[in-house]
Amino acid sequence: NLSPPALASPYSIDEDSIYFTEYEGAEPTITQTPHHLEIDIRDDQIFLAAKACLSRKGFSQALVVFTASGLVINVLSTYLDYLVRGNYYGEYDASEYRGNNTGEISSAAKYVALIGALFQVIIMVSSIIVGSVTDKTRSYFMVTLVLLVLGVFALAECGVSLDEDRDGDVRWSMLIVSGLLGPLLPVATELAVELAYPLSENTVLVILQLSCNLLSALFIPLFQAVRDVGIGSSKAGNGAGSDDDDGAAFVLGGGRPPYTFSFYLLILICSASAVYFATFNGKYLRLEAELAKKRGMNTEQRPLVPSL
């Protein structure tokens, strides 16, 4: 007798459960036989997955945190070369950056490489430390909110450090930002997985990465486009021109260095994300499922007490 094929669905729960109908079609269905494996992926898979994730309370807050922190990291990584060199006002000196004609790498290029490496290393180390602590305590809300608020202050320090009188300070401020906002990526991912249970981690991560990369691609050109907003034309570009500005200096004040308004936008994004995340009202469904499973195992293993 041939046994029917086994259906290995991501929903390893009872069909009468509410989760089955809510998440149906949100993940690929795998049909497995002794000599055949078939994976059924729907054309609207990504839309069903996004709908299933956003139907969970608190998931939108986790999505906003992941997107905001990833956007800041992507923007700083893109313009890290220019910000580390600190040459905001003058023209780009290619010979100074590339070195002389002998092919030797200049000291400026080495310094950019060092700061860039530290930027990424700090993100990895801080993510490991904060992630391990958060996994043990499950205090996703408090850790995320604290890091977001501190990240706003660190970005504000970056904006202040752009001034010519504080040459080099922006480099260290950027490293502080990487240590505060970098860990939010794994923490927000784990939080989203907790909220979207029983959806798989891969499905949740696809939704988070898609949102973050899409908004980053839209914001990175904007970050460069508004670099001179609020400063006088005498300080924009090559330094030629009058003291007239574009009108934004009336709000931002005069004498602002380039990229000041760009950092204002980053601060605004992180501040709005922190305020929105403060309204978090989700449930840790994966944790509840683990606790329920442990209670069931303890009940089965509990010895029977003879009645007196």
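Here, the structure is the one placed above.
Bear in mind the structure is a predicted one, so any value in this text is a computation, not a measurement.

Q: Before we go on, may I ask you to explain the side chain of Ser161 in this structure?
A: Position of Ser161 among the secondary structure elements: in the loop between helix H7 (140-160) and helix H8 (169-181). Within the structure, Ser161 has its side chain in polar contact with the side chain of Ser173 (distance 3.4 Å).

Q: Whenever I open this one, the nonpolar core confuses me. Can you help?
A: A general tendency of soluble globular proteins is for nonpolar side chains to be buried together. Counting residues in each nonpolar core, the largest one holds 65 residues, and the members touching the most others are Phe59, Leu155, Val204, Phe263 and Leu266. Not counting the four nearest positions on each side in its chain, Val204 is found in contact with Cys53, Phe59, Ala192, Val193, Ala196 and Leu199.

Q: Looking at this structure, how should I read helix H3 (residues 59-78)?
A: The periodicity of an α-helix, 3.6 residues per turn, causes residues three or four positions apart to be oriented the same way. Over its 20 residues, H3 runs 28 Å from end to end, which matches the ideal 28 Å to within 8%, given 1.5 Å per residue. In terms of residue burial, H3 counts as a mostly covered element, since 15 of its 20 residues are buried.

Q: I tried to follow a nonpolar patch on the surface on my own but got confused; where do I start?
A: A contiguous nonpolar surface patch, about 430 Å² in accessible area, is contributed by Val121, Met124, Val125, Ile129 and Val133. Tracing the backbone shows Val125 in helix H6 (residues 107-137). A residue is classified by how much of its surface remains accessible, and Val125, at 42% relative accessible area, is partly exposed.

Q: Explanation requested: the pattern of salt bridges in the structure shown.
A: In a structure, side chains of opposite charge can pair up when their charged atoms sit close to one another. Under the defined criterion, the tally for this structure stands at two salt bridges. The salt bridge partner of Arg138 is Glu194, with a shortest N-O separation of 2.8 Å. Of this pair, Arg138 sits in the loop between H6 and H7 while Glu194 sits in helix H9 (residues 184-196), placing them 56 residues apart in sequence. One salt bridge in this structure joins Arg227 and Asp228, with 3.0 Å as the shortest N-O distance.

Q: Any chance you could explain the environment of Arg85 here in plain terms?
A: Inspection of the secondary structure assignment puts Arg85 in helix H4 (residues 80-85). Considered as a pair, Arg85 and Ala109 are 24 residues apart in the sequence and their alpha carbons are 8.7 Å apart.

Q: What exactly am I supposed to notice about the packing of H3 against helix H12 (residues 260-277) here?
A: When two helices pack together, their arrangement is given by the angle between their axes and by how far apart the axes lie. The contact between H3 and H12 brings their axes to 9 Å, and the two run at 160 degrees. As summarised for this structure, H3 and H12 are arranged roughly antiparallel, according to the angle between their axes. Crossing angle aside, the handedness with which H3 passes H12 is left-handed. In this structure, H3 contributes Ser60, Gln61, Val64, Val65, Ala68, Leu71, Val72, Val75 and Leu76 to the contact, and H12 contributes Phe263, Leu266, Ile269, Cys270, Ser273, Tyr276 and Phe277. Across the contact of H3 with H12, the residue classes break down as 13 nonpolar, three polar and no charged.

Rules and cut-offs
Residues numbered from 1 in each chain as written. Predicted model: local features only at pLDDT ≥ 70, side-chain atom pairs only at ≥ 80, totals over all residues. Heavy atoms only, no water. Helix = DSSP H or I, 4+ residues; strand = E, 2+ residues; numbered from the N terminus. Polar contact = N/O pair within 3.5 Å; in protein donor to acceptor, adjacent residues only side chain to side chain. Core = buried A, V, L, I, M, F, W, Y, C linked by side-chain atoms within 4.5 Å. Buried < 20%, exposed > 50% of the residue type's maximum accessible area, 1.4 Å probe, protein only. Contact = heavy atoms within 4.5 Å. Expected span 1.5 Å × (residues − 1). Patch = residues over 30% accessible without salt bridge, like charges linked within 9 Å, V, L, I, M, F, W, Y side chains within 5 Å. Areas by Shrake-Rupley, 256 points an atom, 1.4 Å probe, with all protein chains shown as cover. Salt bridge = Lys/Arg side-chain N within 4 Å of Asp/Glu carboxyl O. Axes fitted to C-alpha atoms, helices over the stretch in contact; angles between N-to-C directions. Parallel < 35°, antiparallel > 145°, perpendicular 65-115°, else oblique. Left-handed = near helix turned anticlockwise from the far one by under 90°. Nonpolar A, V, L, I, M, F, W, Y, C, P; charged D, E, K, R; others polar.

Functional significance is not addressed by these values, which are geometric in nature.
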